[in-house]
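# Architecture at a glance
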Amino acid sequence: MDIIKNRKIFFSISLIIIIIGILTMAIKGLNYGIDFTGGTLIQVDLNKQVKVEEIRELMSAYDKDAHVIHAGADKKEVIIKSKA
């Protein structure tokens, strides 16, 4: 494969990929993680299984938009993500 001879084709393919990426970023925007948006991430080992709904009910007094998920192999850990 002669890369130098076909450079215009390869430049065109690269340019198309870059344009698709820029358009996708402009339409969908960026999905910033907690590293860039700020907030708090708490991971707690409860040593027993607790329903996520119970923890959300407790958290609603502090932050109604907090995300609560289970973690760990036996679902005894809880991760709470808050933007506050």
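The structure presented is a predicted model; accordingly, all values stated were derived computationally and were not measured. Position numbers for residues start from 1 in each chain and track the written sequence from start to end. Only residues with pLDDT of at least 70 get local features here, since the model is predicted, and only at 80 or more are side-chain atom pairs given and counted; chain-wide, interface and lining totals rely on the full set of residues. By convention in this description, side-chain values take in all heavy atoms of the structure and omit both hydrogens and water.

## Quick notes on the sheet that holds strand 2 (residues 67-71)
Think of it this way: DSSP has to see at least two bridges between two strands before they count as a pair. Going along the chain from the N terminus, every DSSP run of H or I of four or more residues is numbered as a helix, and every run of E of two or more is numbered as a strand. Pairing in this open sheet of three strands is antiparallel, and the strands run 1-3-2 from one edge to the other. With partners counted over all chains shown, the strands left at the sheet margins are strand 1 (40-45) and strand 2, one partner each. Taken over all neighbouring pairs, the strand axes of this sheet differ in orientation by 20° on average, direction set aside. Across five bridges, strand 2 lies against strand 3 (residues 77-82) in antiparallel orientation. Counted as the bridge partner of His-67 is Lys-81 from strand 3. We call two residues in contact when some of their heavy atoms are within 4.5 Å. Working convention: axes come from line fits to C-alpha atoms, limited for helices to the stretch in contact. Angles between N-to-C directions cover 0 to 180 degrees. On the sheet, helix 3 (residues 52-59) packs against strand 2 and strand 3 and is oriented at approximately 145° with respect to strand 2.

## Quick word on unusual backbone geometry
Although it is not a glycine, Asn-47 sits at a positive phi angle of roughly 60°. Of note, Asn-47 is situated in the loop between strand 1 and helix 3. Note on Asn-47: relative accessible area 61%, which makes it exposed. You will see that Lys-75, though not glycine, has its phi angle at about 60°, which is positive. Along the polypeptide, Lys-75 turns up in the loop between strand 2 and strand 3. Classification of residues uses two cut-offs on accessible area relative to the type maximum, computed with a 1.4 Å probe and protein chains only: under 20% is buried, over 50% is exposed, and between them is partly exposed.

## So, the nonpolar core
Joining through side-chain atoms within 4.5 Å is the link that ties buried Ala, Val, Leu, Ile, Met, Phe, Trp, Tyr and Cys residues into a set, and such a set is a nonpolar core. In this structure, Val-50, Val-52, Ile-55, Met-59, Ala-66, Val-68, Val-78 and Ile-80 together form the largest nonpolar core, which totals eight residues. Sorting the residues of this core by element identifies helix 3 and strand 3 as the ones contributing at least two each. Considering every element that reaches this core, the biggest residue donor is helix 3, with three residues. Residues within four places of Ile-80 in sequence aside, it is in contact with Thr-40, Leu-41, Ile-42, Ile-55, Met-59, Ala-66, His-67 and Val-68.

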